[in-house]
Amino acid sequence: MVEHEQIRIEIKRKLNSYRDLCAEHRQLSEELARLEALMYSPSGPNLDGQPRGSGVSNPVERMSLKHIELERRYRAQLEKLAAGQVQIEDMIEGLEPTERRLARFRYIDGLGWEDVCDKINYSWRQTHRIHSALLDKLVAAEIERRNAKKADDRHLEDEEVGA
């Protein structure tokens, strides 16, 4: 039972961390859009009369360098996000359709529980029952996966000893 609870906690942590990645991705996308809008919008002349320091003096060039760096980071984060989404989809593919929808709404779209209830058209209590059932199924699948890996490892060890 202890292993079951530890695996359940791991799965919830994995699902929640993916939700955080999605939120970060949305935030980065918004920041890039804002930066791009600034980069391509006309700006007025500097009328404060203050001298400017050394370095890159062209504001468009400065903004371009910033944009290139942020875009590089954004693409790296996007790759990480895609890998996480594949992992989540692999985890939930064996679930019932309602369970998969609940998991996507909650952990991929990052919706709150009230919104998840509305989207799947179930009460709060029933939504949480479905969520609990899907976690139980994910735990059972993970235990089965780990047991199969142990059996494969033992089989490989036996072959190495016999060789």
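Please refer to the structure higher up on the page.
The text that follows walks through the structure, step by step, so that each part is easy to find. Not measured: the values here are computed from a predicted model. (Residues numbered from 1 in each chain as written. Predicted model: local features only at pLDDT ≥ 70, side-chain atom pairs only at ≥ 80, totals over all residues. Heavy atoms only, no water.)

Turning our attention to the pattern of salt bridges. Enumeration over the complete set of coordinates arrives at ten salt bridges. A salt bridge links D136 to R8; the shortest N-O distance between them is 2.4 Å. Within this pair, whereas D136 is found in helix α5 (residues 124-162), its partner R8 is found in helix α1 (residues 2-40), the two being separated by 128 residues in sequence. Classification of D136 as partly exposed rests on a relative accessible area of 33%. Salt-bridge contacts for D153 lead to K149; the nearest nitrogen and oxygen are separated by 3.4 Å. Taken together, the positions of D153 and K149, both in helix α5 and four residues apart, correspond to about one turn of that helix. The network of salt bridges with shared partners includes E10, E142, R145 and R146. (Salt bridge = Lys/Arg side-chain N within 4 Å of Asp/Glu carboxyl O. Helix = DSSP H or I, 4+ residues; strand = E, 2+ residues; numbered from the N terminus. Buried < 20%, exposed > 50% of the residue type's maximum accessible area, 1.4 Å probe, protein only.)

To continue, consider unusual backbone geometry. Not every positive phi belongs to a glycine, and N121 is a case in point at roughly 65°. Considering the arrangement of structural elements, one finds N121 in the loop between α4 (113-120) and α5. For N121, a relative accessible area of 68% corresponds to the exposed category.

In this section: the side chain of R19. Looking at the element boundaries, R19 is found in helix α1. Summary of buried charges: R19 has no salt-bridge partner, and the nearest side chain of opposite charge, D20, is 4.7 Å away. Polar side-chain contacts of R19 include one of 2.6 Å to the side chain of N16. For R19, the residues in contact, after removing those within four places along its chain, are R106, Y107 and G110. (Lys, Arg positive; Asp, Glu negative; His and termini not counted. Polar contact = N/O pair within 3.5 Å; in protein donor to acceptor, adjacent residues only side chain to side chain. Contact = heavy atoms within 4.5 Å.)

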